[in-house]
Amino acid sequence: MRDKDLQDKQLQEQSEKVASKDDFPINWIDRISLFLSHTIKYLIPIIVIVMMYEIFMRYVLLKPTLWANELCLWLAGVCYLVGGIYATRLRSHIRIVLLYDYVSRPVQRIFDLISTTIIVVFAAAVIYGGFEDAHRSFINWERFATYWDPPIPATMKPLTLICLFLIALQSVNNLIIDWKNPKEKQYQPAKDLK
């Protein structure tokens, strides 16, 4: 019994190490990111339930729905967009560690500044270029042009711009918080396998 308790404790500690990447300081920008991501995560079980309902209706009762696929597409799109904000907060975006890990902290800061600048410029360009279309879609309540005809474009186009803005804001926030940190530890893939 004692060995099992020890194994359970070790497994719990290992899970906490993997799952607790969210140990960064929290300010108002982080609160927005956390609120959105922790609220939107409840859409995932709804997607699963709707898909199970569709499967049951289609293959058991032979009466497929006209709305389930589009609803799941819509909700999954929202999850995807908001997930980008949360991934940015956790710094779990793609980073090319080949160079980053082998340079000094001042050079890492330059890399961080360059990547944050690129993110902000990209977000600004997309928001500037897409604002008119997103505004028109929302004001006219643009629909998906299918039988169920949900307002997916009317909601997703503005949400894309809002999420891009929040990703850029979170990136700047991360840069400010991480600026004074010491050199990040070198990534060791072997640790992921333990």
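Residues numbered from 1 in each chain as written. Predicted model: local features only at pLDDT ≥ 70, side-chain atom pairs only at ≥ 80, totals over all residues. Heavy atoms only, no water.

A few words on the overall build of the chain. Along the backbone of the chain there are 8 helices and 0 strands. Seen in sequence order, the chain has helices and strands lined up from the N terminus as α-α-α-α-α-α-α-α. Split by element, the accessible area of the chain, about 13,800 Å² in all, is 69% carbon and sulfur. (Helix = DSSP H or I, 4+ residues; strand = E, 2+ residues; numbered from the N terminus. Areas by Shrake-Rupley, 256 points an atom, 1.4 Å probe, with all protein chains shown as cover.)

Take Leu 73: it is sitting in helix H4 (residues 68-89). Judged by its relative accessible area of 48%, Leu 73 falls in the partly exposed class. Remark: the alpha-carbon pair of Leu 73 and Ile 47, spanning 26 residues in sequence, is separated by 8.7 Å. (Buried < 20%, exposed > 50% of the residue type's maximum accessible area, 1.4 Å probe, protein only.)

Low pLDDT means the predicted coordinates in that region are not meant to be read closely. Residues of the chain with pLDDT of at least 70 account for 82%, and the chain-wide mean is 87. Element-level pLDDT for the chain is lowest in helix H1 (residues 2-19), with a mean of 54, against a maximum mean of 97 in helix H3 (residues 43-60). For the stretch residues 14-20, pLDDT sits under 50, and the model shows 1 contact to residues farther than four places along the chain or on other chains. (pLDDT = per-residue confidence, 0-100. Contact = heavy atoms within 4.5 Å.)

When the terminal C-alpha atoms of helix H2 (residues 28-40) are compared, their 18 Å separation across 13 residues agrees well with the 18 Å that a helix rising 1.5 Å per residue should span. Three or more residues of H2 are buried, namely Ile 29, Asp 30, Ser 33, Leu 34, Ser 37 and Ile 40. In an axial view of H2, the angular spread of the buried residues amounts to 145°, which keeps them on one side of the axis. Facing away from the buried side of H2, by more than 90 degrees, are the exposed residues Trp 28, Arg 31 and Phe 35. Buried residues along H2 sit in contact with H3, H4 and helix H7 (152-179). Structurally, the start of H2 carries an N-cap: the backbone nitrogen of Ile 29 is 3.1 Å from a side-chain oxygen of Asn 27. (Expected span 1.5 Å × (residues − 1). Arc of directions from axis to C-beta. Polar contact = N/O pair within 3.5 Å; in protein donor to acceptor, adjacent residues only side chain to side chain.)

Running from N to C, H2 and H4 cross one another at 140°; their axes reach a closest spacing of 9 Å. If you check the angle between H2 and H4, you find them oblique. The hand of the H2/H4 crossing is left-handed. For the pair H2 and H4, contact is made by Asp 30, Ser 33, Leu 34, Leu 36, Ser 37, His 38 and Ile 40 and by Val 78, Cys 79, Val 82, Ile 85, Tyr 86 and Arg 89, respectively. (Axes fitted to C-alpha atoms, helices over the stretch in contact; angles between N-to-C directions. Parallel < 35°, antiparallel > 145°, perpendicular 65-115°, else oblique. Left-handed = near helix turned anticlockwise from the far one by under 90°.)

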